[in-house]
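If you want the building blocks of each chain, they are given just below.
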Amino acid sequence: MIEVTTLRKKNWLLTILCNLDLLIATVALIVLTLVTSGGVFMRYVVKNPILWQEEVSAFCQVWMVFLGASVSFRMCGHVAIEMVVDSLPEKYQKIANYVIDIIVLCVLLFLATNSQAYIAQVFGRSNRPTPILRIPYKYLYGVAPVSCWLMIVSHFVGKYAPAFVKDIEMDFSAKEGE
C-alpha cells in the first residue's frame, strides 16, 4: 500500500512539473484579466488609475505568450502543413520527419541562444529595472530562452524517449475530448 501511495504522489508531482508552464501561463492570464479589469474600474469609475497596471500587464502578457507557446508546442497545437509529407511514400515520410526535426532543433537552438545572449547583453549588465515596480527587465524577458529550451525538451522527449525507455509511459500530447 505504501508503494502505491508513493507512486501516486510521484506521478502527481511529475504531472505538476511537466505542466508547470501551463500552470504559470494560466496564472498569468488570470492576473492579466484581473489587473486589466481592476485598472479599467479604477480609471473610469473611481478616477484614480493604478500606476503599476501597465507593468504587470506587460509582464503577464510576455510570460503567458512564451509559456503558452511552449504548451502549444508540447501538445502539437502549432500550425503544421503536413500535406506534402503525407503525400510521400512511407520511407520518405520518415526521412522528411527527421529533416523537419533537425530544422526545428536548429531554429529553437538559434532562438534560445540568441534571445539568451540578447537579454544578457541588453538587460543583464545594466540590471535595468521597470520604472514603477523596479523589477529587472531580465526577469520579464528571461522567459523567452526558457520557453525555447522547454520546447526542445518536450518535442524530443515526447517523440524519441518512448523508443528508448520502455518502463514508463510518456504522453505529452493532448488527449481526445480534452
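Residues numbered from 1 in each chain as written. Predicted model: local features only at pLDDT ≥ 70, side-chain atom pairs only at ≥ 80, totals over all residues. Heavy atoms only, no water.

1. Here we look at helix H2 (residues 20-46)
Next, step 1: Between its first and last C-alpha, H2 extends 37 Å over 27 residues, near the 39 Å set by a 1.5 Å rise per residue.
Next, step 2: Along H2, the residues that are buried comprise Asp21, Ala25, Ala28, Leu32, Val35 and Gly39.
Next, step 3: Lys47 lies just past H2 and shows a positive phi near 65 degrees. (Helix = DSSP H or I, 4+ residues; strand = E, 2+ residues; numbered from the N terminus. Expected span 1.5 Å × (residues − 1). Buried < 20%, exposed > 50% of the residue type's maximum accessible area, 1.4 Å probe, protein only.)

2. Here we look at a nonpolar patch on the surface
Next, step 1: A cluster of nonpolar residues, Trp12, Leu13, Ile16, Leu17, Leu20, Leu23, Ile24, Val27 and Val31, forms a patch on the protein surface that exposes about 780 Å² of accessible area.
Next, step 2: Listed by contribution, the elements that provide at least two residues to the nonpolar patch are helix H1 (2-18) and H2.
Next, step 3: In terms of residues, the nonpolar patch owes the most to one element, H2, which gives five residues.
Next, step 4: Note that Leu20 resides in helix H2. (Patch = residues over 30% accessible without salt bridge, like charges linked within 9 Å, V, L, I, M, F, W, Y side chains within 5 Å. Areas by Shrake-Rupley, 256 points an atom, 1.4 Å probe, with all protein chains shown as cover. Salt bridge = Lys/Arg side-chain N within 4 Å of Asp/Glu carboxyl O.)

3. Notes on the side chain of Asp101
Next, step 1: Within the fold, Asp101 resides in helix H5 (residues 90-124).
Next, step 2: Since its relative accessible area comes to 4%, Asp101 is described here as buried.
Next, step 3: One polar contact links Asp101 to Lys159, side chain to side chain, over a distance of 3.1 Å.
Next, step 4: When sequence neighbours within four positions are dropped, the list of residues in contact with Asp101 reads His155, Phe156, Lys159 and Tyr160. (Polar contact = N/O pair within 3.5 Å; in protein donor to acceptor, adjacent residues only side chain to side chain. Contact = heavy atoms within 4.5 Å.)

4. So, the packing of aromatic side chains
Next, step 1: Under the criterion given, the structure shown has five aromatic pairs.
Next, step 2: Here the aromatic rings of Tyr118 and Phe123 are separated by 6.5 Å at their centres, their planes lie at 90 degrees, and the arrangement is edge-to-face.
Next, step 3: Ring-pair connections join several aromatic residues into one group, and the members of that group are Tyr118, Phe123, Tyr137 and Tyr141. (Phe/Tyr/Trp six-rings, centres within 6.5 Å; stacked < 30°, edge-to-face > 60°.)

5. Quick notes on the pattern of salt bridges
Next, step 1: Evaluated as defined, the whole model comprises two salt bridges.
Next, step 2: Here Arg74 and Asp21 are joined by a salt bridge, their closest N and O atoms 2.9 Å apart. Residue Arg74 is located in helix H3 (residues 53-74), and its partner Asp21 is located in helix H2; the two are separated by 53 residues in the primary sequence.
Next, step 3: Note that Asp101 is salt-bridged to Lys159, the shortest N-O span being 3.1 Å. A residue pair is termed long-range when its members are at least 10 positions apart, and Asp101 in helix H5 and Lys159 in helix H7 (residues 143-164) qualify at 58 residues.
Next, step 4: Accessibility expressed as a relative area gives 37% for Lys159, which makes it partly exposed.

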